Amino acid sequence: MEVIVLGSGVVGLTSAWYLTQAGHEVTVIDRQSRSGEETSFANAGQISYGYSSPWAAPGIPKKAVKWLLQQHAPLKIKPSLSPELYKWASQMLLNCSQRRYQVNKSRMLSLSNYSQECLSQLRREVTINYEGKQQGTLQLFRNQQQLDGAQKDMRLLELSGTQHTLLDMEGCLNQEPGLRPVADKLAGGLYLPDDETGDCYLFCQQLTKLAESAGVKFEFNTDVQRIIKDGDNICGVITNRGTFIADSYVVAMGSYSTQLLNTIGIHIPVYPVKGYSLTVPIKDEQLAPQSTVMDESYKVAMTRFDDRIRIAGTAELTGFDYSIPEKRKATIAMVVKDLFPQAGHFEQGEFWTGLRPMTPDGTPIIGKTQYKNLYTNTGHGTLGWTMACGSAQLLTDVINNSESAIDSQQFDLFRYSA
């Protein structure tokens with residue numbers, strides 16, 4: 001069967017790989033000149049199986065009000081009259097109950113843990129170098145309240161079979177010795193040993209070459225303009241370089257999936273949540289993070305690559321805005337300098353921003369639509385790379401009408417009308 005995948009970020013790219021491995025003829029269409037040039041380009045560098053958690057959580061509405069008044073807050077909302085923003089935010093608030101949080105986090109952990117299996121299998125089958133390491137994530141707590149709050153998440157981690165260890169201050173320092181000069185700022189942490197790190201953009205470039213060798217066709221510099229439909233069937237995709245036709249179609253365009261699907265009557269609650277990153281060369285390896293350190297207070301992650309540190313964070317609701325305000329730069333720079341002040345050559349730092357495709361419940365939208373040959377793989381928020389391989393395999397099983405390792409119905413768009 002011929003399949004067209006729209007989008008070549010890490011989610012679209014892995015979709016193409018798993019589909020071609022299942023015997024399909026795959027064409028990938030993307031407006032950029034290479035894979036991974038947008039949200040996958042300079043993300044946090046985390047593959048965070050154990051840290052998979054929805055932003056919609058108990059207590060978030062109250063915290064959000066406080067954050068509006070803080071200089072270095074993890075969430076920023078730009079005043080807007082956008083009906084899409086208000087609708088999405090309203091749905092997110094409905095998911096902040098303890099019951100909905102448990103359901104959503106359980107789904108996310110299920111998919112993330114499955115994705116871990118798929119990525120491990122991929123590494124066994126092919127050689128793919130992306131500065132990848134498997135040294136875990138340290139979720140860092142600065143006060144006792146955060147430590148106490150981790151207990152509820154630990155119960156969900158236990159139910160999902162996710163390995164984790166609660167650490168005191170000394171345990172955190174043993175895990176990340178570079179934190180020792182700032183030990184007085186730490187209360188403890190949650191160590192997630194199965195989490196991984198690496199450069200997502202390098203991963204995308206490597207997987208693109210492997211996919212091309214396997215027969216996947218890439219149509220870069222090709223802007224998708226609209227989808228052609230006929231009844232409950234999709235007939236083609238119109239682009240600036242002509243019309244492309246296949247037997248089935250996959251929309252994996254991140255935040256831009258929403259606009260495209262709206263034109264054919266599919267309304268998915270995916271909103272662009274803007275994030276920022278800073279990449280700096282390592283100055284002192286002993287005083288730099290060894291893997292990923294997630295500062296729970298500011299929701300900023302600091303990840304070690306071979307000779308660089310990637311610092312990423314902030315969730316900003318501001319639509320399709322790619323500007324990088326100085327205030328946002330200041331927040332992520334402040335966190336890394338506060339915890340690892342001698343780690344990097346900060347004067348050589350490079351800032352970047354990207355739009356995370358977020359659903360109000362945190363769970364991606366994968367699978368069937370009301371059109372018999374149209375599928376989605378989008379809405380992964382901050383966990384696109386974490387969930388990419390598992391999402392792609394799940395999507396492939398749905399397209400093949402094969403039995404899936406996890407329940408596919410909990411991830412498709414029809415859950416919103418249930």
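Just so we're clear, the structure is a prediction, and the values are computed from it rather than from any experiment.

**Considerations on the overall build of the chain**
Of regular secondary structure, the chain possesses ten helices and 20 strands. Here the C-alpha atoms of the chain give a radius of gyration of 21 Å, agreeing with the 22 Å that 2.2 N^0.38 yields for 418 residues. If one aligns the C-alpha atoms of the chain with their principal axes, the spans along those axes are about 65 × 45 × 40 Å. Taken over 418 residues, the chain has a buried fraction of 59%. Total accessible area computed for the chain in this model is approximately 17100 Å², and 48% of it derives from carbon and sulfur atoms. Between the averaged position of the 39 positive side-chain charges in the chain and that of its 43 negative side-chain charges there is a distance of 7 Å.

**As for empty space enclosed by the protein**
Applying the stated criterion across every chain, the model contains two cavities of 30 Å³ or more. Forming the walls of the largest cavity are Trp-55, Leu-75, Trp-88, Met-92, Val-273, Ala-315, Leu-317 and Met-358. Elements with a minimum of two residues in the lining of the largest cavity: helix 3 (83-94) and strand 17 (308-317). In terms of residue class, the lining of the largest cavity is made up of eight nonpolar, no polar and no charged. Volume-wise, the second largest cavity comes out at about 40 Å³. Taken together, Ser-53, Pro-54, Trp-55, Met-108, Met-358, Gly-362, His-380, Gly-381, Thr-382 and Leu-383 form the lining of the second largest cavity. Residue composition of the lining of the second largest cavity, grouped by class: five nonpolar, five polar and no charged.

**Structural notes on helix 7 (residues 200-213)**
Taking 1.5 Å of rise per residue, 14 residues should cover 20 Å, and helix 7 covers 20 Å from first to last C-alpha, within 8% of that figure. Restricting attention to buried positions, one finds in helix 7 the residues Cys-200, Tyr-201, Phe-203, Cys-204, Gln-205, Leu-207, Thr-208 and Ala-211. Against helix 1 (10-21), helix 4 (98-125), strand 9 (217-219) and helix 10 (384-399) lie the buried residues of helix 7. Backbone nitrogen of Tyr-201 and a side-chain oxygen of the N-cap are separated by 2.9 Å at the start of helix 7; the cap is Asp-199. After helix 7 finishes, the residue Gly-215 shows a positive phi value of roughly 110°.

**Observations concerning the pairing of strand 13 (residues 248-251)**
Within a regular beta strand, the side chains point alternately toward one face of the sheet and then the other, so they alternate between its two faces. Covered by surrounding structure in strand 13 are Ser-248 and Val-250 together with Tyr-249 and Val-251, the residues of both alternating faces. For strand 1 (residues 2-6) and strand 13, the ladder comprises four bridges, and the chain directions are parallel. Counterpart to Val-5 in the pairing with strand 13 is Val-250. As paired elements, strand 13 and strand 20 (residues 374-378) share three bridges and run parallel to each other. The residue bridging Val-251 from the neighbouring strand is Thr-376, located in strand 20.

**Structural notes on the nonpolar core**
Grouped together as the largest cluster of nonpolar side chains are 46 residues, with contacts concentrated most on Val-5, Val-10, Leu-119, Leu-122, Phe-203 and Val-250. For this core, the element with the highest residue contribution is helix 10, accounting for nine residues. The next biggest cluster of nonpolar side chains, apart from the first, holds 31 residues, and it includes Ala-56, Met-154, Val-273 and Ala-312.

**Quick word on the sheet that holds strand 10 (residues 224-230)**
With antiparallel pairing, the three strands of this open sheet are ordered in space as 10-11-12. In this open sheet, the two strands that pair with only one neighbour each are strand 10 and strand 12 (242-244). Here the strands of the sheet are splayed against their neighbours by 30° on average, with no regard to which way each runs.

**Observations concerning the environment of Ile-264**
You can see Ile-264 is positioned in the loop between helix 8 (257-262) and strand 14 (271-281). For the pair Ile-264 and Lys-185, spaced 79 residues apart in the sequence, the C-alpha separation amounts to 52 Å. Apart from residues no more than four positions distant in its own chain, Ile-264 is found in contact with Ile-227, Lys-229, Ile-234, Tyr-371 and Leu-374.

**So, unusual backbone geometry**
Of note in this structure, Asn-221 is not a glycine but carries a positive phi near 55°. When you line up the elements, Asn-221 lands in the loop between strand 9 and strand 10. On the basis of relative accessibility, which here comes to 48%, the residue Asn-221 falls in the partly exposed class. Unusually for a residue other than glycine, Lys-299 sits at a positive phi of about 55°. Summarising the element assignment, Lys-299 is placed in the loop between strand 15 (292-295) and strand 16 (300-304).

**Focus: the sheet that holds strand 1**
One open sheet accounts for six strands, arranged 9-2-1-13-20-19; its pairing is mixed. A strand with exactly one partner marks an edge of an open sheet, and here the two such strands are strand 9 and strand 19 (365-368). Strand-to-strand twist of the sheet, defined as the mean angle between neighbouring strand axes without regard to direction, takes the value 20°. Most of the contacts of helix 10 go to strand 20, to which it runs at about 170°, and overall it touches strand 13, strand 19 and strand 20.

So, how was this worked out
- Residues numbered from 1 in each chain as written.
- Predicted model: local features only at pLDDT ≥ 70, side-chain atom pairs only at ≥ 80, totals over all residues.
- Heavy atoms only, no water.
- Helix = DSSP H or I, 4+ residues; strand = E, 2+ residues; numbered from the N terminus.
- Rg over C-alpha atoms; globule rule 2.2 N^0.38 Å.
- Buried < 20%, exposed > 50% of the residue type's maximum accessible area, 1.4 Å probe, protein only.
- Areas by Shrake-Rupley, 256 points an atom, 1.4 Å probe, with all protein chains shown as cover.
- Lys, Arg positive; Asp, Glu negative; His and termini not counted.
- Charge placed at Lys NZ, Arg CZ, Asp CG, Glu CD.
- 1 Å grid on protein atoms, 1.4 Å probe; cavity = no way out; pocket = protein on both sides within 12 Å on 5 of 7 lines; lining within 4 Å.
- Points joined across faces, edges and corners; volume = space filled by probe spheres on them.
- Nonpolar A, V, L, I, M, F, W, Y, C, P; charged D, E, K, R; others polar.
- Expected span 1.5 Å × (residues − 1).
- Contact = heavy atoms within 4.5 Å.
- Polar contact = N/O pair within 3.5 Å; in protein donor to acceptor, adjacent residues only side chain to side chain.
- Pairing = 2+ DSSP bridges.
- Core = buried A, V, L, I, M, F, W, Y, C linked by side-chain atoms within 4.5 Å.
- Axes fitted to C-alpha atoms, helices over the stretch in contact; angles between N-to-C directions.

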